[in-house]
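One-letter residues, chain by chain:
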Amino acid sequence: MLNLNPTPPLMPDPLLQVRHLSVEFHTRAGITHAVTDVSFDLYPGETLGIVGESGSGKSVTCSALLRLLPSPPARISPQATALCEGGAYDLLRLPEREHRRLRGSYISTIFQDPMSSLNPCICIGDQVAEPLVIHRGYSWRRARELAVEELERTGIPRARERASAYPHEFSGGMRQRVMIAMALITRPRILIADEPTTALDVTVQKQVLDLLDTRRRELGTAVILITHDLGVVRQYAQRIQVMYAGSIIESAPAAELLEHPRHAYTRALMESCPTPELKGRPLPIIPGFPPTLREPVRGCSFRPRNTLGHPELCLTQHTPELVEISPGHLVRSCPGCLLP
């Protein structure tokens with residue numbers, strides 16, 4: 001019997017169980033099937049890396065959990081569930097008032113662009129303090145004190161003084177540190193980091209990711225790290241989930257997947273990462289473009305771009321199933337994409 005989400009030995013109970021999540025966008029141009037039948041578990045204190053090209057459905061998946069997709073045009077499948085705390089509540093079924101209570105306290109997020117996420121008219125200290133006022137009932141005076149302490153923990157120099165500054169007075173790396181402080185000040189159980197190092201230079205990227213990982217270990221927060229950079233998940237994720245064309249292509253513990261990728265798309269992603277060995281040679285690329293998802297994909301979605309497997313063997317009439325090929329390692333069982 002197919003087990004879509006096997007629990008690793010000796011692992012605690014999942015903190016979040018997502019099952020059969022599909023998202024469609026109904027527009028004048030037609031229906032876009034952005035996410036199709038996505039299921040996964042998130043365990044306490046771990047980092048789950050979700051990787052894939054732009055448009056693969058990574059951010060839409062997590063925005064659906066946060067209920068941040070406008071409806072219409074977005075529609076979440078009625079059979080989808082996102083159970084927390086052993087089924088105590090379903091993030092996709094809670095009344096909006098209850099979900100707003102959890103969003104920012106139980107589950108928080110760090111968005112891609114901190115400049116567009118921070119309010120330019122409110123000082124940094126008040127923005128970091130606001131979640132404590134809203135979700136914990138603190139006074140503004142007490143919340144501001146705790147905000148300064150959180151800014152200090154995230155490496156903001158002269159935090160008490162800088163708390164009175166505005167977002168435009170901070171660099172990109174400092175703004176991202178502020179976003180981390182805002183997300184973690186309520187000590188959430190789950191943190192979604194959506195491309196948290198976009199537009200930062202390499203040195204600052206590492207500083208921000210190291211900070212995020214340190215705070216995860218200190219607080220025991222489970223992190224969903226969304227990225228297109230396999231180099232990032234190689235260093236920080238305990239498990240990796242690869243998405244393509246709105247579906248999970250491969251999922252495994254990080255070491256297992258990086259050492260033994262079994263799907264042609266996963267291996268193509270890995271080979272397209274720059275390495276010192278490639279100096280002076282053209283960087284390998286994945287030819288073509290992902291499907292538009294205006295129509296449900298029939299057969300193997302990666303077949304037109306498959307150069308590492310055997311595209312002539314790819315399924316054309318039905319979607320490959322996600323099967324477990326070794327403990328905790330799941331992959332789409334397409335004969336043309338499954339690699340030894």
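Source: prediction; values computed, not measured.

Draft legend 1. How the structure looks around the environment of Tyr265. The topology assignment puts Tyr265 in helix α11 (residues 264-271). Looking at Tyr265, the relative accessible area reads 0%, which means it is buried. For the pair formed by Tyr265 and Lys206, sequence separation is 59 residues and the distance between their alpha carbons is 26 Å. Contacts of Tyr265, omitting those with residues within four sequence positions, involve Gly52, Glu53, Val242, Met243, Tyr244, Ile249, Ile286 and Phe302. Engagement of the side chain of Tyr265 in a polar contact is seen with the side chain of Glu53, the distance being 3.1 Å.

Draft legend 2. A look at the sheet that holds strand β12 (residues 322-326). Reading across from one edge, β7-β8-β9-β3-β10-β11-β13-β12 is the order of the 8 strands in this open sheet, with mixed pairing throughout. Sheet topology places β7 (107-110) and β12 at the edges, where each strand pairs with a single neighbour. Ignoring strand direction, the axes of neighbouring strands in this sheet form an average angle of 20°. Both strand β8 (residues 190-194) and strand β9 (residues 222-227) contribute to a ladder of 5 bridges, which runs parallel. Across the sheet, the residue bridging to Ile190 is Ala222, located in β9. Docked against the sheet, helix α1 (residues 58-66) engages β3 (47-51), β7, β8, β9 and β10 (239-244), running at close to 145° with respect to β9. Lying on the sheet, α11 is in contact with β10 and β11 (247-253); it crosses β10 at an angle near 105°.

Draft legend 3. Expanded view of the packing of aromatic side chains. The full count for this structure, using the stated rule, is 4 aromatic pairs. Ring geometry for Tyr244 versus Tyr265: centroids 4.5 Å apart, planes at 45°, classification tilted. Residue Tyr244 is found in strand β10, and its partner Tyr265 is found in helix α11; the two are separated by 21 residues along the sequence. Residue classification places Tyr244 among the buried residues on the basis of a relative accessible area of 2%. Plain terms: the ring middles of Tyr265 and Phe302 are 5.3 Å apart, the flat faces sit at 65° to each other, and that makes the pair edge-to-face. Of the two residues, Tyr265 sits in helix α11 while Phe302 sits in the loop between α11 and β12, which places them 37 residues apart along the sequence. Phe302 sits in the buried class, given a relative accessible area of 1%. Three or more aromatic residues joined by ring pairs form one cluster here, namely Tyr244, Tyr265 and Phe302. One cation-aromatic arrangement involves Arg162 over Phe170; the distance from NZ or CZ to the ring centre is 4.3 Å.

Draft legend 4. Highlighting the side chain of Asp90. Position of Asp90 among the secondary structure elements: in strand β6 (residues 89-90). What Asp90 contacts, discounting residues up to four positions off in sequence, is Ala80, Thr81, Ala82 and Leu83.

Draft legend 5. Layout of the pattern of salt bridges. According to the stated counting rule, one finds 18 salt bridges in the structure shown. In this structure, the salt-bridge partner of Glu150 is Arg187, at a minimum N-O distance of 3.1 Å. Highlighted residues: Glu150 in helix α5 (residues 140-153) and Arg187 in the loop between α7 (172-184) and β8, separated in sequence by 37 residues. For Glu150, a relative accessible area of 1% translates into the label buried. Put simply, Glu149, Glu150, Arg153, Arg187, Arg215 and Glu218 are held in one network by salt bridges that share partners.

What counts and what doesn't
- Residues numbered from 1 in each chain as written.
- Predicted model: local features only at pLDDT ≥ 70, side-chain atom pairs only at ≥ 80, totals over all residues.
- Heavy atoms only, no water.
- Helix = DSSP H or I, 4+ residues; strand = E, 2+ residues; numbered from the N terminus.
- Buried < 20%, exposed > 50% of the residue type's maximum accessible area, 1.4 Å probe, protein only.
- Contact = heavy atoms within 4.5 Å.
- Polar contact = N/O pair within 3.5 Å; in protein donor to acceptor, adjacent residues only side chain to side chain.
- Pairing = 2+ DSSP bridges.
- Axes fitted to C-alpha atoms, helices over the stretch in contact; angles between N-to-C directions.
- Phe/Tyr/Trp six-rings, centres within 6.5 Å; stacked < 30°, edge-to-face > 60°.
- Lys NZ or Arg CZ within 6 Å of the ring centre and 35° of its normal.
- Salt bridge = Lys/Arg side-chain N within 4 Å of Asp/Glu carboxyl O.

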